[in-house]
Amino acid sequence: MASSVIVCRLPMPVRIGLVKCLRKVDTLLHRSFVTKVAASDFPTSKGDETAPRKECKSFYTVQAERQEQAQRSVLISCPPKVSERKIKKHLSRYGGIKKFFVYESFGLYAVVEYESSEGVASLLERAVVPNVSHESLLPYKTRLLSFRHQGSMDSSGPQLKEHCQPLTTIPFNELVKRLSREDSIDQQITSLTEAYQLTDENTRLRFLVCSLLKDIASAYFPECTVRPFGSSVNGFGKLGCDLDMFLDLDGLTGRDVKQPTSGLSLEYQMKVARSERAVTQGILSVIGDCVDQFGPGCVGVQKILNARCPLVRFSHQPSGFQCDLTANNRVAMKSTELLYLYGELDPRVRHLVFTVRCWARAHSITSNIPGAWISNYSLTVMVLFFLQKRSVPIIPTLDQLRDLAGPADECVIERSDCTFVSDLSRIQLQSNTETLEELLCGFFEFYATFPFSKKSINIRKGKEQNKPEVSPLHIQNPFETSLNVSKNVNVTQLDRFVVLCQESLWLLQQSECRTPSGHGTGGLAALIQPSQVADARGRKKRQSRPTSERIKSLLESLKSQNKKNS
């Protein structure tokens, strides 16, 4: 107890150094858990044993499975008062139902996945075109349908509305209460992740929206695919996040086919544009018009074609998603795959990313509004870099993943090397037993003293490098290495981040904060409440004052009190 008081009274730089030294000793005494990458510069000691890790599917295996599920699914608007039994009984006429769930977004909707595509075909054959008397219909059919009910409504049995899946995160006050009921900071971090991360149902809905958009785009490009990327599929998505989509035309047959050196052969006649960017802009312009004119539930369509990465933005009301559609954005897909891979290697990666993002958002370090704030992507890369820098690295560097890649993994996009191993079973991890609480403290400690003015963050190499430019924060793009993903961040926002890291570290080191309480004043619940951190800031300043100043202040207050009494 006395030792903790002495540590708390030490100046911040000394305290951080002492805590860091103690943690290194603790790590050396407790190695024995998860991790070993089979690359020459990511060694393991002979005595280390790797713990069994659950079998993980590759990114593209998961994508293919989800796309196949979406192709066997329909989205149906349902009456507000109808029994679940009656809806399922009707839908079962067309085929066996594999998955069924409901949610609310501008009405009540059901996602229905059939066991085979024949079920969807049978349902669509029986659906009818609606009768409208004063308006004209656009004759375009999709897998977005509506139930019409004739006669009296059967409300017996459980109602659909009783089993709605969440589309957004729980209110912040409820999150604080939930965290306060946990017994440790580790349990709080796990609980936060479970409350915020995308559910299986929400992920299915995202792939279904992509599949519906593909149906529209296929009218012009029959061999196209629309894939989700970014937070929707990288494992770090939060309920309510935007849906980023990529119109993939790389599956076009007949491309890069070797032509015979003699004799006749056939080739398609196609228009030629001045650049690949012009092709992308033309494609997105046409698709944007189609979505605007023919896409049921697609509203507020904007064609933002002169951006660095041209896109079409719209709201999909039936799902409640804000959607961005891009094309020719293959580097973003590789970045998505890389984050997915890191998240699958060790569960602590996702837990720490969700926690740091929530903490940053609570303190306005990040924002939905474009500006000088640190982005969620930059924060995620900062967490990955920190985990690479542990005395026993928790995750490998991108270069180490590249060394493990096979011939099928080779990928160069616009002269950028995007090669890394996709088979997770080939990655063996070193042993690291640090708890989530220790990692959270370590994150704050690491960046409270990081030399941002001189060094840049580089997850390809896993080490600090001299900054190539004068931006306050420099985080190298893992693939397009000449780019700084945090170029927008200004000095003020970076300084706020560093100060909050220092204050959060100090708060976690206090005995009253280490154990959560039912009043929302302990552990992670305190960290994500700005008022709690502000109170801690005041206590920290009072404790950091020299003893002579505190005695002098006390004597002055006693003198003034005596004068009043006399």
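Conventions used here
Residues numbered from 1 in each chain as written. Predicted model: local features only at pLDDT ≥ 70, side-chain atom pairs only at ≥ 80, totals over all residues. Heavy atoms only, no water. Pairing = 2+ DSSP bridges. Helix = DSSP H or I, 4+ residues; strand = E, 2+ residues; numbered from the N terminus. Axes fitted to C-alpha atoms, helices over the stretch in contact; angles between N-to-C directions. 1 Å grid on protein atoms, 1.4 Å probe; cavity = no way out; pocket = protein on both sides within 12 Å on 5 of 7 lines; lining within 4 Å. Points joined across faces, edges and corners; volume = space filled by probe spheres on them. Nonpolar A, V, L, I, M, F, W, Y, C, P; charged D, E, K, R; others polar. Patch = residues over 30% accessible without salt bridge, like charges linked within 9 Å, V, L, I, M, F, W, Y side chains within 5 Å. Areas by Shrake-Rupley, 256 points an atom, 1.4 Å probe, with all protein chains shown as cover. Salt bridge = Lys/Arg side-chain N within 4 Å of Asp/Glu carboxyl O. Buried < 20%, exposed > 50% of the residue type's maximum accessible area, 1.4 Å probe, protein only. Core = buried A, V, L, I, M, F, W, Y, C linked by side-chain atoms within 4.5 Å. Contact = heavy atoms within 4.5 Å.

Spatially, S2-S3-S1-S4 is the arrangement adopted by the four strands of the open sheet, whose pairing is mixed. Edge positions in the sheet fall to strand S2 (97-104) and strand S4 (144-146), since each has one partner strand and no second. Ignoring strand direction, the axes of neighbouring strands in this sheet form an average angle of 25°. Sheet topology note: the S2/strand S3 (residues 108-114) ladder contains seven bridges and is antiparallel. Directly across from Glu104, in S3, lies its bridge partner Leu108.

With that settled, the discussion passes to the layout of surface pockets. Reported here for the second largest pocket is a volume of approximately 1,600 Å³. Together, 42 residues line the second largest pocket, and Val128, Pro130, Leu144, Leu145 and Ser146 are the ones closest to its centre. Counting only elements with at least two residues in the lining of the second largest pocket, the list comes to strand S1 (73-78), helix H4 (84-91), helix H5 (117-126), S4 and helix H9 (276-294). Among the elements that line the lining of the second largest pocket, the one with the most residues is H4, at five residues. Here the residues of the lining of the second largest pocket sort into 24 nonpolar, eleven polar and seven charged.

On the surface, a nonpolar cluster with roughly 250 Å² of combined accessible area is contributed by Val129, Val132 and Leu137. The topology assignment puts Leu137 in the loop between H5 and S4. You can call Leu137 partly exposed: its relative accessible area is 44%.

Counting 78 residues, the largest nonpolar core has Trp359, Tyr447, Phe452 and Phe497 as its most contacted members. When residues in this core are grouped by element, the largest group, nine residues, is from helix H14 (residues 436-448). Apart from the residues lying within four places of it in its own chain, the contact partners of Phe452 are Met382, Tyr447, Ile457, Lys467, Pro472, Leu473, Leu494, Phe497 and Val498. Tyr103, Ile216, Cys298 and Phe314 belong to the second-largest nonpolar core, a separate cluster that totals 33 residues.

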